[in-house]
Amino acid sequence: MDMLKQRIRQEGQILSDKVLKVDSFLNHQVDTELALAIGREFARLFADKPVTKVLTVEASGIQFAMATGIALGVPFLYAKKKKAVTLAENVYSAPVHSFTRQETYQISISQKYLGPADKVLIVDDFLATGAALAGLVQIVREAGAELAGVGCVVEKSFQEGRGLLEGMGVRVHSLARIASMAPGEVHFMDDERT
Ligand code: G4P
Ligand code: NA
Ligand code: NA
């Protein structure tokens, strides 16, 4: 998605060789036109699959799940991050290990809103370690719903997330795949074609 890659090149701040800050347009301040275009692109990429619900995890997946839901004409649903002990009984939940914070937390969804009749498209802002997305996949499977696949806005292809999800049999589409980065330069996967 050229428009997205251009914005990453222009406005992305590379904080280390691993962390990309995109606070000006993706996940703090949000460019609403770009978010809607991202939603339409996910809808196009998964057009061969029937989808009844878009799923993400709070917080920064929400704007892209909403945009995708608008494009598909279906609701979106987001998993909440809460401690298991505070949850009522009728939820699906999965543990997620955060490598950046070195802690495990639970994500959960009410059983009222996800079930065997659903065909789910998962979306998120970043695909890094893939831990949170793997948790969402686990919840979709526990609910007996069908999984169309996972759509990510930015994939850091040098991290293990895509491999983890593909190893679970999940189809993954990312709109900007970063092969490598360093302060002042971003290399996308497409750029590597010879
Ligand atoms: P994850 O891959 O399972 O998300 O775990 P990880 O511990 O690697 O990432 C922790 C958080 O940092 C996640 O957000 C993830 O989306 C975000 N993240 C990972 N890499 C980058 C990056 O290069 N840039 C930015 N801006 N964010 C990154 P989260 O904790 O789920 O929280 P939220 O921001 O969605 O609320
Ligand atoms: Na996120
Ligand atoms: Na995030």
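Residues numbered from 1 in each chain as written. Chains lettered and ligands numbered in written order. Predicted model: local features only at pLDDT ≥ 70, side-chain atom pairs only at ≥ 80, totals over all residues.

Taking an unreviewed UniProt entry as the reference, the protein is identified by name as Xanthine phosphoribosyltransferase belonging to Paenibacillus flagellatus. The UniProt entry for the protein carries this comment under Catalytic activity (unreviewed entry): "XMP + diphosphate = xanthine + 5-phospho-alpha-D-ribose 1-diphosphate". Under the heading Subcellular location (unreviewed entry), UniProt records this for the protein: "Cytoplasm". (UniProt positions renumbered as here; feature names shortened; annotations may be inferred.)

Peer 1: Explain the site of ligand 1 to me, please; I cannot follow it from the model alone.
Peer 2: In the vicinity of ligand 1, 20 residues are found, and the nearest of them are Ala59, Ser60, Ala128, Thr129 and Ala131. Counting only elements with at least two residues in the shell around ligand 1, the list comes to β2 (20–21), β7 (119–127) and α4 (131–142). Tallied by class, residues from the shell around ligand 1 come to nine nonpolar, eight polar and three charged. (Near = placed C-beta within 6 Å. Helix = DSSP H or I, 4+ residues; strand = E, 2+ residues; numbered from the N terminus. Nonpolar A, V, L, I, M, F, W, Y, C, P; charged D, E, K, R; others polar.)

Peer 1: Would you take a moment to explain the nonpolar core for this structure?
Peer 2: Soluble globular proteins tend to bury their nonpolar side chains together. One finds Leu121, Ile122, Leu133, Leu136, Val137 and Val140 to be the most contacted residues of the largest nonpolar core, which totals 53 residues. The leading source of residues in this core is α4, at seven residues. Once residues lying within four places of it in the same chain are set aside, the contact partners of Val140 are Leu55, Val120, Ala145 and Leu147. (Core = buried A, V, L, I, M, F, W, Y, C linked by C-beta atoms within 7 Å. Buried ≥ 20, exposed ≤ 12 C-beta atoms within 10 Å, placed from the backbone. Contact = placed C-beta atoms within 7 Å.)

Peer 1: When you look at the sheet that holds strand β5 (residues 91–98) in this model, what are you seeing that I'm missing?
Peer 2: In sheet architecture, strand pairing relies on hydrogen bonds along the backbone and comes in two forms, parallel and antiparallel. The strand order across the open sheet built from eight strands is β5-β6-β4-β3-β7-β8-β9-β10, with neighbouring strands paired in mixed fashion. Looking along the sheet, the strands with just one partner apiece sit at the ends: β5 and β10 (185–188). Sheet twist, expressed as the average angle between the axes of neighbouring strands with direction ignored, equals 30°. Running over the sheet, helix α1 (residues 2–11) touches β9 (172–182) and β10 and is turned about 25° from β9. Each of β3 (53–57), β4 (76–82), β5, β6 (103–110), β7 and β8 (146–156) touches α4; the most contacted strand, β5, lies at about 160° to it. (Pairing = 2+ DSSP bridges. Axes fitted to C-alpha atoms, helices over the stretch in contact; angles between N-to-C directions.)

Peer 1: What am I meant to see in the pairing of β8 here?
Peer 2: Within a regular beta strand, the side chains point alternately toward one face of the sheet and then the other, so they alternate between its two faces. Most of β8 is tucked away, with nine of its eleven residues classed as buried. When β7 meets β8, the two strands line up parallel, connected through eight bridges. The residue of β8 that forms the bridge with Ile122 is Val150. For the segment spanning β7, α4 and β8, crossover handedness is right-handed. When β8 meets β9, the two strands line up parallel, connected through six bridges. Bridging from a neighbouring strand, Val154 pairs with Ala176 of β9. (Right-handed = clockwise from strand over helix to strand, strands pointing away.)

Peer 1: What's the story with helix α2 (residues 32–45) in this structure? I'm lost.
Peer 2: Note that an α-helix has 3.6 residues per turn; residues three or four places apart therefore point the same way. With 14 residues, α2 extends 20 Å between its outermost C-alpha atoms, agreeing within 8% with the 20 Å of an ideal straight helix rising 1.5 Å per residue. Taken together, the buried positions of α2 are occupied by Ile38, Gly39, Glu41, Phe42 and Ala43. For α2, the elements touching its buried residues are α1, α3 (62–72), β7, β8 and β9. (Expected span 1.5 Å × (residues − 1).)

Peer 1: Can you help me understand the UniProt feature "binding site: 5-phospho-alpha-D-ribose 1-diphosphate" (unreviewed entry) in the protein in this one?
Peer 2: The positions UniProt marks with the feature "binding site: 5-phospho-alpha-D-ribose 1-diphosphate" (unreviewed entry) are Ala128, Thr129, Gly130, Ala131 and Ala132. When you line up the elements, Gly130 lands in the loop between β7 and α4. Judged by C-beta crowding, with 26 C-beta atoms within 10 Å, Gly130 ranks as buried. Every residue in contact with Gly130, bar those within four places of it in the chain, is listed here: Glu160, Gly161, Leu164 and Leu165. Tracing the sequence through the fold places Ala131 in helix α4. Owing to 18 C-beta atoms within 10 Å, Ala131 belongs among the partly exposed residues under this scheme. Those residues in contact with Ala131 that lie beyond four places of it in its chain are Val96, His97 and Ser98.

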